[in-house]
Amino acid sequence: MATVAAPSRSTAARDTGVVAGQELRDLWLAGRGLPLMVAFSLLLSVITYLGATNRSLNFLERRETVNLTVQVAVAVGALLAMVVAGDAISGERERGTLESLLLAPVSRRGLAAGKLLAALSLWLAALVVAGPYLWFLARGVGAFTDAMGAAALAGTLVAVTFTALGIVISSLARSNRLSLSVSLFTLLALYTPTQLPAGAKQGWAAELLLRVNPVTAAEHYIGKVVINQHGWTQDAAWLLSPLVGAVALTFAAVVVAPRFMSLRGSALG
Amino acid sequence: MTRRRGVALALALACPAGAGAASIAPPAAAATGGDAPPAVRVALDHARVSTRLGAGFGLGSTITNVGRRPLAGLVAHLNVVSLTNGVYVDPEDWSPQRTKNVPALAPGRSARIGWRVNAVNGGRFAVYVVTVPNGSPRNASAGLAIGPPLGLRVTERRVFNSGGVVFLAVGLPGLLGLATIGTRARRRRAQR
């Protein structure tokens with residue numbers, strides 16, 4: 001296992017900036033960033049078209065349509081960022097370019113943090129692309145600020161959680177396929193409880209599980225703000241697990257995982 | 001015994017009173033002695049309200065004991081009825097709390113009960129409050145009291161423009177697609 005000297009704070013910040021700049025250029029000018037956004041906007045176009053052309057929806061159902069669009073934007077935006085993060089280290093390893101990256105004069109923490117920031121740019125782009133659709137759906141019911149605010153707040157926490165998880169898994173996995181499949185499985189497993197019927201979400205044990213799972217907790221918060229018109233702080237306790245997930249996994253991605261970053265991969269596979 | 005009477009007797013023996021899923025009692029008016037006026041009067045603050053879809057408004061109701069005995073254990077309930085043909089009403093959507101307990105009322109005293117109403121559908125509606133005794137002997141004379149209906153007109157803003165959505169649904173992916181093609185072409189030119 002390679003030993004990693006702890007870089008100074010300014011060096012790590014400089015390294016992060018250098019890596020993030022290069023990764024952003026690769027992602028948005030030559031890579032998958034723009035095609036992924038085209039696919040994302042097509043998905044939101046279909047949802048918006050179906051919601052907007054259904055004139056029999058009442059006021060609450062219109063807010064529910066806005067909520068559905070926010071939920072899809074958060075889920076798919078976080079998925080896109082996680083897929084790019086899941087490919088970040090294991091992809092370099094598989095393409096045989098990790099060695100030159102590890103030999104480059106940048107710290108491993110800077111490398112991980114730069115790749116994390118570049119992957120998160122997909123979520124920010126997804127949020128910007130979702131804006132016009134949410135405005136269109138929400139303008140009749142005055143829910144645009146609620147929808148964008150809830151997406152920006154809860155969605156960003158979910159996206160940071162999954163992107164950092166992708167970096168951690170990618171640092172440890174020996175193959176890109178393994179990294180992407182473990183990342184996707186984790187994401188799907190955490191999204192599964194959102195499909196449970198309302199009756200199965202009753203009781204203290206169910207509520208505890210919903211609160212502990214960052215995805216269901218964020219979904220609950222968004223629904224309360226967008227559909228029930230609750231204030232931003234009324235259900236803020238539901239954002240605790242997404243916040244803890246985002247902070248803990250970012251720490252793991254930037255501080256812990258670089259220690260295990262090697263040419264062959266460490267723990268997984 | 002005719003055949004029909006025989007069948008009725010057999011059914012009665014097979015399903016004795018109280019053994020079935022439901023038991024039916026005569027109506028309360030009959031039990032309390034006819035068409036006595038209720039000892040409770042319900043009044044609303046407004047007779048008419050006009051609002052727009054999605055807006056909410058507060059509604060006050062006054063429950064008065066017009067009888068000679070004190071009353072306790074009354075339950076007030078708010079209901080919404082559509083007067084526009086074909087408009088479906090789900091009352092739960094219209095008010096977060098539609099059932100409230102009325103405090104004990106001495107003869108001649110009133111209690112004010114407030115309601116929050118959200119305009120969920122467009123059209124014309126009637127909103128009314130009814131008080132129901134909870135079955136206690138202290139309110140047996142109260143009967144069912146229904147207040148006057150509030151005439152509610154909700155104007156619907158037709159902002160869901162299905163023509164505009166085509167522009168958005170095609171335009172934004174198209175714009176992003178053009179940006180993708182432009183970026184790739186520019187990069188290819190730079191590489192040459």
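Refer to the structure printed above.
Criteria and cut-off values
- Residues numbered from 1 in each chain as written.
- Chains lettered and ligands numbered in written order.
- Predicted model: local features only at pLDDT ≥ 70, side-chain atom pairs only at ≥ 80, totals over all residues.
- Heavy atoms only, no water.
- Helix = DSSP H or I, 4+ residues; strand = E, 2+ residues; numbered from the N terminus.
- Rg over C-alpha atoms; globule rule 2.2 N^0.38 Å.
- Contact = heavy atoms within 4.5 Å.
- Areas by Shrake-Rupley, 256 points an atom, 1.4 Å probe, with all protein chains shown as cover.
- Lys, Arg positive; Asp, Glu negative; His and termini not counted.
- Charge placed at Lys NZ, Arg CZ, Asp CG, Glu CD.
- Pairing = 2+ DSSP bridges.
- Axes fitted to C-alpha atoms, helices over the stretch in contact; angles between N-to-C directions.
- Buried area = accessible area lost by both parts, 1.4 Å probe.
- Polar contact = N/O pair within 3.5 Å; in protein donor to acceptor, adjacent residues only side chain to side chain.
- Nonpolar A, V, L, I, M, F, W, Y, C, P; charged D, E, K, R; others polar.
- Buried < 20%, exposed > 50% of the residue type's maximum accessible area, 1.4 Å probe, protein only.
- Phe/Tyr/Trp six-rings, centres within 6.5 Å; stacked < 30°, edge-to-face > 60°.
- Lys NZ or Arg CZ within 6 Å of the ring centre and 35° of its normal.
- 1 Å grid on protein atoms, 1.4 Å probe; cavity = no way out; pocket = protein on both sides within 12 Å on 5 of 7 lines; lining within 4 Å.
- Points joined across faces, edges and corners; volume = space filled by probe spheres on them.
- Expected span 1.5 Å × (residues − 1).
- Bend = angle between axes of the 7 residues up to and from the residue.
- Core = buried A, V, L, I, M, F, W, Y, C linked by side-chain atoms within 4.5 Å.

Turning our eyes to something else, we now look at the overall build of chain A. Helix and strand counts for chain A come out as 11 helices and zero strands. Element order for chain A, N to C, with α for helix and β for strand: α-α-α-α-α-α-α-α-α-α-α. Taking 18 Å as the expected radius of gyration for a compact globule of 269 residues, we find that chain A reaches 19 Å, a close match to that expectation. Contacts in chain A between residues far apart in sequence, at least 24 positions, make up 83% of those at least 6 positions apart. Of the roughly 11,800 Å² that chain A leaves accessible, carbon and sulfur atoms contribute 68%. Taking the average place of the 20 positive charges on the side chains of chain A and the average place of its 13 negative ones, the gap between the two points comes to 4 Å.

A few words on the sheet that holds strand S1 (residues 40-44) of chain B. Residue and element names in this part refer to chain B. Strand order across the open sheet formed by three strands is S1-S3-S6, with antiparallel pairing between neighbours. Strand pairing shows two members of the sheet lacking a second neighbour, S1 and strand S6 (110-118), which therefore form its edges. Strand-to-strand twist across the sheet, computed as the mean angle between neighbouring axes with direction ignored, equals 25°. Bridge count for S1 against strand S3 (residues 56-65) is five bridges, and the pairing is antiparallel. Residue pairing in the sheet places Val-40 in a bridge with Asn-65 of S3.

Moving on, we get to the interface of chain B and chain A. If you look at the interface, chain B gives 27 residues, while chain A gives 28 residues. Counting each side, the surface lost to burial between chain B and chain A is near 2,600 Å², with a carbon and sulfur contribution of 66%. Summed over the shared surface of chain B and chain A, the result is two residue pairs in polar contact (both at pLDDT 80 or more). Here the side of chain B that touches chain A gets 15 residues from one element, more than from any other, and that element is helix H4 (residues 162-191) of chain B. Considering only residue class, the side of chain B that touches chain A consists of 13 nonpolar, eight polar and six charged.

Residues and elements named next belong to chain A. Residue position: Gly-199 is located in the loop between helix H8 (176-191) and helix H9 (204-212). With relative accessibility at 60%, the residue Gly-199 sits in the exposed group. Remark: the alpha-carbon pair of Gly-199 and Phe-162, spanning 37 residues in sequence, is separated by 28 Å.

Time to look at the packing of aromatic side chains. With the rule as written, the count across this model stands at two aromatic pairs over all chains. For the pair Phe-162 of chain A and Tyr-191 of chain A, a centre-to-centre distance of 6.4 Å together with 15° between the ring planes defines the contact as stacked. Here Tyr-191 of chain A lies in helix H8 and Phe-162 of chain A lies in helix H7 (residues 144-172), a separation of 29 residues in the sequence. You'll find Phe-162 of chain A and Tyr-191 of chain A in the same group, each marked buried. An angle of 55° between the planes, with centres 4.7 Å apart, marks the rings of Trp-94 of chain B and Phe-125 of chain B as tilted. On the criterion of sequence distance, the pair formed by Trp-94 of chain B in helix H3 (residues 91-94) and Phe-125 of chain B in strand S7 (residues 123-133) is long-range, its members being 31 residues apart. Considered together, Trp-94 of chain B and Phe-125 of chain B belong to a single accessibility category, that of buried residues. Arg-139 of chain A extends its terminal NZ or CZ atom over the ring of Trp-135 of chain A, reaching a point 5.1 Å from the ring centre. The ring of Trp-115 of chain B carries the charged tip of Lys-100 of chain B above its face, separated from the ring centre by 5.2 Å.

This part takes up empty space enclosed by the protein. Per the counting criterion, the structure on display carries one cavity of 30 Å³ or more. Estimated volume of the largest cavity: approximately 30 Å³. Lining the largest cavity are Trp-28, Leu-29, Ala-30, Gly-31, Leu-34 and Pro-35 of chain A together with Thr-180, Thr-183 and Arg-184 of chain B. A per-class count over the lining of the largest cavity returns five nonpolar, three polar and one charged.

This part is about H7 of chain A. Residues and elements named next belong to chain A. Its 29 residues give H7 an end-to-end C-alpha distance of 41 Å, which sits within 8% of 42 Å, the value for a rise of 1.5 Å per residue. Along H7, the sharpest kink reaches roughly 30°, centred on Gly-155. The buried count for H7 comes to 23 of 29 residues, which makes it a mostly enclosed element.

Here we come to the layout of surface pockets. Residues and elements named next belong to chain A. What the largest pocket holds in volume is close to 720 Å³. If you trace the largest pocket, you find 26 residues lining it, with Asn-67, Gln-71, Lys-201, Glu-219 and His-220 closest to the centre. Secondary structure elements with two or more residues in the lining of the largest pocket: helix H3 (59-88) and helix H10 (214-226). When residues in the lining of the largest pocket are grouped by element, the largest group, eight residues, is from H10.

Quick look at the side chain of Glu-92 of chain A now. Residue and element names in this part refer to chain A. As for its placement among the helices and strands, Glu-92 is situated in helix H4 (residues 90-95). Judged by relative accessible area, Glu-92 falls into the buried class, the value being 12%. Apart from the residues lying within four places of it in its own chain, the contact partners of Glu-92 are Glu-23, Asp-87, Thr-97, Leu-98, Leu-101 and Lys-115.

Once that is clear, we can look at the nonpolar core. Residues and elements named next belong to chain A. In terms of nonpolar packing, the biggest core is built from 86 residues, with Met-37, Phe-40, Val-66, Val-70, Leu-122, Phe-162 and Tyr-191 touching the most fellow members. No other element matches the 18 residues that helix H6 (residues 108-138) contributes to this core. Residues within four places of Tyr-191 in sequence aside, it is in contact with Val-74, Ala-75, Val-158, Phe-162 and Val-215.

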